[in-house]
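Structural overview
What follows is the residue order along each chain.
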Amino acid sequence: MSPDTGGAGAAPARWGVFPLLAIGMAALGIGVGAVFPYFAELLGVPSSHSRAATFRSACLAAGLVLGAANWLLARRVIGSRLRLLATRLTEVADTAGAALTAPGGPRPDLRLPVDSADDLGRTAAAFNAMLGALERERRFRSVVHATSDVIVIIDLAGRISFVSDSVTDLLGRSPEELLGRVPDDLVHPDDLAGGGATVRVRHRDGTWRHLEVTSADRRADPVIQGLLLTARDVTDRIELQDRIAHQATHDELTGLPNRAAALARGAELLAPGRGGTQVAVLLLDLDRFKEVNDTLGHAYGDRLLAQVGPRLRPHVREVDVVARLGGDEFLLVLPDVTPEGARAAAVRARRALGEPFVVDGLALDVDVSIGVAVSPPGPGDIDALLRQADIAMYTAKERQSGVEVYDPAADGHDRGRLVLLSEFRRALAQGDLVVHFQPKVALATGAVTGVEALVRWAHPTRGLLGPGEFVPAVERTGLIEPLTDRVLDLALAQARAWAAQGLEVPVAVNLSARSVHRGDLPDRVLAALAGHGVPAGMLCLELTETALLTEPERARDVLTRLRAAGIRISIDDFGTGYSSMGRIRHLPVDEIKIDRSYVAALAECAEDAALVRSAIDLGHRLGLTVVAEGVEDDGTAASLQALGCDVGQGYLFGRPLPADELTRWLTGRRPAALPG
């Protein structure tokens with residue numbers, strides 16, 4: 001590329017600089033040859049010689065040779081190297097200008113050959129050094145513009161003086177569009193005050209991107225002269241963190257706050273320093289919801305549950321919390337409310353949920369039982385308040401009243417019992433619960449058919465407490481589930497230990513009414529069996545008749561799943577409740593245990609004897625094993641055997657014993673037929 005052009009708008013010159021220089025140098029050589037004869041006369045050469053044709057011809061020839069040499073020097077040597085330099089400079093400019101936009105690929109080698117030590121060689125070396133510096137600058141600029149992070153310089157006037165090309169991918173805006181603008185125009189108003197490393201910046205499409213910004217003060221730098229910012233897009237990370245945080249505090253199915261979030265809000269409202277306002281907790285449990293799941297499937301049930309929150313929200317205040325605890329249980333937390341106001345809110349909630357739920361065109365009817373508990377003015381305990389609401393809710397179910405407010409008098413949890421529950425909570429954590437085992441014996445053979453696990457509390461000051469001294473109070477709280485899990489764990493651990501000693505001893509564990517209505521019970525029991533390596537057939541679960549009266553359908557579902565896994569089911573204290581053989585016939589039951597109150601008077605009371613005989617006959621007709629409790633003498637055992645009773649349990653065969661004592665009893669005992 002030739003530099004022989006004029007300024008902007010000028011017509012190109014006919015002759016370039018290098019041709020004119022060459023012509024001038026050639027003319028100079030010829031002129032020197034032409035005037036040299038005259039110059040020779042000045043030097044004293046005789047005119048006869050200097051003006052001779054031969055001498056003039058020789059001088060002219062020498063001038064021509066000198067002119068030709070000058071031509072070659074100017075045109076071919078100096079001119080060609082200067083043209084090369086000019087061409088390379090133009091190529092450098094073109095390459096530098098296209099460095100940030102041209103596609104990748106090999107770049108041309110623009111270095112000049114340094115083949116001499118003269119001024120031209122030094123000029124070439126200087127050019128190559130400049131080329132190296134430009135290449136480093138070009139590489140740096142390419143890195144700056146290619147990185148996903150955005151680099152911004154804010155000048156002393158507070159405006160954007162430089163922004164890297166990556167801003168286009170990040171914010172949908174070109175660098176030229178942002179140059180000269182004030183950054184505050186793009187930042188979310190709530191983030192202008194600063195104080196955080198992350199700010200929200202508006203995208204061209206109107207959305208907000210979360211940028212993590214670091215800054216460096218470079219106002220003293222003569223090149224930068226401003227504030228240097230580096231911004232990284234962390235929108236995906238922030239959104240992921242928000243989703244995780246939301247999932248941790250919200251129910252996935254309904255989108256409502258979950259148990260943890262509701263209790264945290266309740267604890268906040270009841271914390272010291274919140275004033276003397278009262279807080280109400282409303283525990284809602286859907287009735288007949290299981291029928292929806294069993295009849296139409298869980299998909300319909302899930303869609304019904306998803307409608308509960310929107311159904312309740314219009315009937316509570318903005319400050320009230322509507323949460324899902326799990327299953328078909330929901331919770332309302334109402335701040336600054338009186339007991340009357342809390343009950344009125346419960347009535348509104350029950351009325352709202354009493355309307356049919358429409359799912360895929362089907363109108364589904366469910367009912368709800370609501371327990372209400374209101375804190376006294378001042379600080380309180382949200383767990384205690386929830387326990388009270390739970391008690392009130394179960395009272396509502398038992399009375400079928402729909403709404404019940406917690407009544408301390410009806411609860412019977414005086415200060416002594418509250419202290420007992422507090423101590424029991426510590427006993428659970430410290431491992432102060434133990435299990436004693438009472439044998440169950442086949443009346444016909446005397447063989448041990450199993451043992452019943454009976455919990456004891458090794459109280460630090462009151463000694464060994466029987467279940468009657470603490471279980472009734474525990475059953476009315478949420479502590480009954482940890483108690484059930486602990487007894488199950490201890491019983492299965494002992495069954496495993498006996499199996500390792502060659503003793504195959506099935507164990508029976510009692511269930512509370514609450515446990516048998518929990519949908520997670522089968523999974524908990526199976527996990528415990530697997531954890532101890534005990535076959536399901538070595539476990540029997542006992543529950544009372546009264547446990548089946550509240551929500552029998554839910555109880556039957558739980559028992560069916562347990563029995564399908566191979567676990568035996570026994571109805572304890574049979575005859576004391578309101579069950580009938582017709583109802584038991586539809587339950588997944590393997591065994592009935594006749595209550596000790598009938599067995600004790602078997603020999604003296606003809607009516608009790610008739611009842612025991614009927615229970616034994618009906619149990620056998622249903623294919624059930626019949627166990628008699630409270631067998632304390634040989635006469636009672638003989639009578640039961642004569643009536644066809646299968647198994648006896650009582651002090652005649654053995655009192656509840658610690659595991660080590662019962663182990664010695666088992667290993668030293670030989671089965672023998674009872675006297676007949």
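Residues numbered from 1 in each chain as written. Predicted model: local features only at pLDDT ≥ 70, side-chain atom pairs only at ≥ 80, totals over all residues. Heavy atoms only, no water.

**Here we look at the sheet that holds strand E6 (residues 279–287)**
- What the 5 strands build is an open sheet, ordered E7-E8-E6-E11-E12; its pairing is mixed. Sheet topology places strand E7 (321–326) and strand E12 (403–405) at the edges, where each strand pairs with a single neighbour. Averaged over all pairs of adjacent strands, the angle between strand axes in this sheet comes to 20°, irrespective of strand direction.
- One ladder, built from 8 bridges, connects E6 with strand E11 (residues 367–374); its direction is antiparallel. (Pairing = 2+ DSSP bridges. Helix = DSSP H or I, 4+ residues; strand = E, 2+ residues; numbered from the N terminus. Axes fitted to C-alpha atoms, helices over the stretch in contact; angles between N-to-C directions.)

**Some points on a negative patch on the surface**
- A surface patch of negative charge is lined by Glu604, Glu632, Asp633 and Asp634.
- Considering the arrangement of structural elements, one finds Glu632 in the loop between strand E20 (625–629) and helix H23 (634–643). (Patch = residues over 30% accessible without salt bridge, like charges linked within 9 Å, V, L, I, M, F, W, Y side chains within 5 Å. Areas by Shrake-Rupley, 256 points an atom, 1.4 Å probe, with all protein chains shown as cover. Salt bridge = Lys/Arg side-chain N within 4 Å of Asp/Glu carboxyl O. Lys, Arg positive; Asp, Glu negative; His and termini not counted. Charge placed at Lys NZ, Arg CZ, Asp CG, Glu CD.)

**So, the sheet that holds strand E5 (residues 226–233)**
- The sheet built from 5 strands is open, its strands ordered E2-E1-E5-E4-E3 with antiparallel pairing. Edge strands, defined here as strands with exactly one partner in the open sheet, are strand E2 (160–163) and strand E3 (198–202). This sheet shows a mean twist of 35° between the axes of neighbouring strands, independent of strand direction.
- In this sheet, E5 lies alongside strand E4 (residues 208–218) in antiparallel orientation, the contact comprising 8 bridges. Each bridged residue has a counterpart across the sheet, and for Asp217 the counterpart in E5 is Leu227.

**Description of the nonpolar core**
- Judged by nonpolar contacts, the single largest core of 78 residues is most densely connected at Phe437 and Leu539.
- Top contributing element to this core by residue count: helix H17 (residues 480–500), with 8 residues.
- Apart from residues no more than four positions distant in its own chain, Phe437 is found in contact with Val451, Glu452, Ala453, Ala491, Gln494, Trp498, Val507, Arg655, Pro656, Leu657, Ala659 and Leu662.
- If you look at the next biggest cluster of nonpolar residues, it comprises 32 residues, including Ala280, Ala346, Ala349 and Val403. (Core = buried A, V, L, I, M, F, W, Y, C linked by side-chain atoms within 4.5 Å. Buried < 20%, exposed > 50% of the residue type's maximum accessible area, 1.4 Å probe, protein only. Contact = heavy atoms within 4.5 Å.)

**Notes on the packing of H17 against helix H18 (residues 521–532)**
- It is at 9 Å that the axes of H17 and H18 come closest, and there the two elements cross at 30°. Regarding the angle of H17 to H18, the classification is roughly parallel. Note on packing geometry: the crossing formed by H17 with H18 is right-handed. Together, Glu481, Thr484, Asp485, Leu488, Asp489, Leu492, Ala493 and Arg496 of H17 and Arg524, Val525, Ala528, Leu529 and His532 of H18 make up the contact between the two elements.
- Counted by class, the contact of H17 with H18 contains 6 nonpolar, 2 polar and 5 charged residues. (Parallel < 35°, antiparallel > 145°, perpendicular 65-115°, else oblique. Left-handed = near helix turned anticlockwise from the far one by under 90°. Nonpolar A, V, L, I, M, F, W, Y, C, P; charged D, E, K, R; others polar.)

**Points about helix H22 (residues 606–621)**
- Here H22 is 16 residues long and its end C-alpha atoms lie 22 Å apart, about the 22 Å a rise of 1.5 Å per residue gives.
- Every buried residue of H22 is accounted for by Asp608, Ala609, Val612, Ala615, Ile616 and Gly619. Here the buried residues of H22 occupy an arc of 125° about the axis, which is enough to place them on one side. Set apart from the buried face of H22 by more than 90 degrees, the exposed residues are Ala606, Glu607 and Arg621.
- Note on H22: the residue one or two positions beyond its end, Gly623, has a positive phi of about 75°. (Expected span 1.5 Å × (residues − 1). Arc of directions from axis to C-beta.)

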